[in-house]
Amino acid sequence: MKLVTGNSNRALAQAVASYLELPLTDCTVKRFADKEVFVEIHENVRGEDVFMLQSTSYPANDNLMELLILTDALRRSSARRITAVLPYFGYARQDRRAAGRTPISAKLVSNLIAEAGVNRVITLDLHAAQIQGFFDIPTDNLYAAPIITRDILDNYKLDNTMIVSPDVGGVARARAVAQRLGTDLAIVDKRRPKAGVSEVMNIIGDVSGKSCILIDDIVNSGGTLVNAADALLKAGANEVSAYITHGVLSEGAAERIAGSKLKELVVTDSIEETPATKGAANIRRISIAALIGEAIARTASEQSVFELVRLSHHRPSPSGLTRGPCTCFATA
């Protein structure tokens, strides 16, 4: 088994390698003067089961091209199987035609990945579960719910906590966490007058006197979270925090979150940390390295990855993750 990474998230790749007790494969991924991507694998990968970790986050197009060119280099080097491990799958929000004469970019990117020579995909918290069907190769969509739930158990008192979905579309995701914790669920009713802009209409559920925790898959500009926090506090909530899987946090978002009424924003390390997020006192990160590493170990040994998905919908023991020879998440 070989573990290869591009430049999108080397910190996470190193953490996964440490979990697997496996060194990162020596390779060069750099740019020519005109910014074309150049890749060279410095180790023999012939006949190997290769796992290629690369988030297609900002700069999305550069990181996507690294992924495709890495795949081509591995395929031409006679790797036996190439698994693309995508902690964050970019372009996932363009998963349907919301208006006339617009693309379905998520399908286009999935086609590019498969045509480049990837044999299998492992990803995390796709924006819409049906994106799995865009790939014509086996695809495992993992969930960050066990890791998020464990962190909430470690840092919050559940007797006064309410899980909140920031919009109607995210209810299933928030409900899964609420069921694991045994807490109530509220919903923020919002609308988008245009892309990237959200307006809160009302709150569905009684949040008065509660410590509210917003659950979502992606935070980009931070506008939705800031508006939802203001609306929840206005409705009587004591405090508002947020747990988001993918901290895209585009330009200005970290400052917006830092200056908001959010107690804290917790994101996973599916996307590499930026200087702006490092400087925000109320933004905290939790690691998905054990989850990704476990999925890789199970895939390499032909064990069930579905167990990781299935157990994400059950309440965990306070011990959370357990490490052993291809162990799974501990459950009560």
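Coordinates for the structure precede this section.
So, a few notes on the structure that sits alongside this text.

What counts, and at which threshold
- Residues numbered from 1 in each chain as written.
- Predicted model: local features only at pLDDT ≥ 70, side-chain atom pairs only at ≥ 80, totals over all residues.
- Heavy atoms only, no water.
- Helix = DSSP H or I, 4+ residues; strand = E, 2+ residues; numbered from the N terminus.
- Buried < 20%, exposed > 50% of the residue type's maximum accessible area, 1.4 Å probe, protein only.
- Salt bridge = Lys/Arg side-chain N within 4 Å of Asp/Glu carboxyl O.
- Contact = heavy atoms within 4.5 Å.
- Expected span 1.5 Å × (residues − 1).
- Phe/Tyr/Trp six-rings, centres within 6.5 Å; stacked < 30°, edge-to-face > 60°.
- Axes fitted to C-alpha atoms, helices over the stretch in contact; angles between N-to-C directions.
- Parallel < 35°, antiparallel > 145°, perpendicular 65-115°, else oblique.
- Left-handed = near helix turned anticlockwise from the far one by under 90°.
- Nonpolar A, V, L, I, M, F, W, Y, C, P; charged D, E, K, R; others polar.
- 1 Å grid on protein atoms, 1.4 Å probe; cavity = no way out; pocket = protein on both sides within 12 Å on 5 of 7 lines; lining within 4 Å.
- Points joined across faces, edges and corners; volume = space filled by probe spheres on them.

## Focus on unusual backbone geometry
Turning to step 1, where the next piece is worked out: Here the residue pair Tyr58 and Pro59 is connected by a cis peptide bond, since its omega of -10° sits within 30 degrees of zero.
Turning to step 2, where the next piece is worked out: If you trace the backbone, Pro59 turns up in the loop between strand S4 (49-53) and helix H2 (60-76).
Turning to step 3, where the next piece is worked out: One non-glycine residue, Lys35, lies in positive phi territory at about 75°.
Turning to step 4, where the next piece is worked out: Positionally, Lys35 belongs in the loop between strand S2 (27-31) and strand S3 (37-41).
Turning to step 5, where the next piece is worked out: Residue Lys35 is classed as exposed on the basis of its relative accessible area, which comes to 61%.
Turning to step 6, where the next piece is worked out: Phi is positive for Leu249, which is not a glycine, with a value near 45°.

## Comments concerning the pattern of salt bridges
Turning to step 1, where the next piece is worked out: Here the structure, examined in full by the defined rule, presents 17 salt bridges.
Turning to step 2, where the next piece is worked out: In this structure, Arg31 engages Glu66 in a salt bridge whose closest nitrogen and oxygen atoms are separated by 2.9 Å. Here Arg31, found in strand S2, pairs with Glu66, found in helix H2; they are 35 residues apart in sequence, far enough to count as distant.
Turning to step 3, where the next piece is worked out: Residue classification places Glu66 among the buried residues on the basis of a relative accessible area of 1%.
Turning to step 4, where the next piece is worked out: With a closest N to O distance of 3.6 Å, Glu302 and Arg81 form a salt bridge.

## Section: the environment of Phe32
Turning to step 1, where the next piece is worked out: Looking at where Phe32 falls in the secondary structure, it is placed in the loop between S2 and S3.
Turning to step 2, where the next piece is worked out: If near-sequence neighbours (up to four positions away) are discounted, Phe32 is found in contact with Val37 and Phe38.

## Concerning helix H6 (residues 223-234)
Turning to step 1, where the next piece is worked out: Between the first and last C-alpha of H6 there are 17 Å, a value that for twelve residues agrees with the 16 Å anticipated at 1.5 Å per step.
Turning to step 2, where the next piece is worked out: Taken from the residues just after H6, Gly236 is the one with a positive phi, measuring 110°.

## Details of the packing of aromatic side chains
Two aromatic rings, taken as a pair, are described by how far apart their centres are and by the angle between their planes.
Turning to step 1, where the next piece is worked out: Within the structure shown, the criterion is met by three aromatic pairs.
Turning to step 2, where the next piece is worked out: Plain terms: the ring middles of Tyr156 and Tyr243 are 6.4 Å apart, the flat faces sit at 65° to each other, and that makes the pair edge-to-face. Taken together, the residues span a long stretch of sequence, with Tyr156 in the loop between helix H4 (145-155) and strand S8 (161-165) and Tyr243 in strand S12 (residues 239-247) at a distance of 87 residues.

## Things to note about the packing of H4 against helix H5 (residues 171-181)
Turning to step 1, where the next piece is worked out: Two elements in contact, H4 and H5, have axes separated by 10 Å at closest approach and are oriented at 50°. Relative to H5, H4 is oriented oblique. As H4 runs across H5, the sense of the crossing is right-handed. Each of Ala145, Pro146, Thr149, Ile152 and Leu153 in H4 lies in contact with H5, whose residues at this interface are Val177, Arg180 and Leu181.
Turning to step 2, where the next piece is worked out: When grouped by side-chain class, the residues that make up the contact of H4 with H5 number six nonpolar, one polar and one charged.

## Concerning empty space enclosed by the protein
Turning to step 1, where the next piece is worked out: All told, the structure shown has two cavities of 30 Å³ or more when counted by the stated rule.
Turning to step 2, where the next piece is worked out: Computed from the structure, the largest cavity encloses a volume of approximately 50 Å³.
Turning to step 3, where the next piece is worked out: The wall of the largest cavity is formed by Gly247, Val248, Leu249, Val267, Ile271, Glu272, Glu273, Thr274, Thr277 and Arg285.
Turning to step 4, where the next piece is worked out: Its residues placed into classes, the lining of the largest cavity shows four nonpolar, three polar and three charged.

## Overview of the packing of helix H1 (residues 10-20) against helix H9 (residues 289-300)
Turning to step 1, where the next piece is worked out: Between H1 and H9, the least distance of the axes is 9 Å, while the angle of their chain directions is 60°. Here H1 lies oblique to H9, going by the angle between them. Every pair of crossing elements has a handedness; the one defined by H1 and H9 is right-handed. Only Ala289, Ala290, Ile292, Gly293, Glu294, Ile296 and Ala297 of H9 make contact with H1, whose side of the interface consists of Leu12, Ala15, Val16, Tyr19 and Leu20.

Scope: geometric values only; no functional claims are made or implied.
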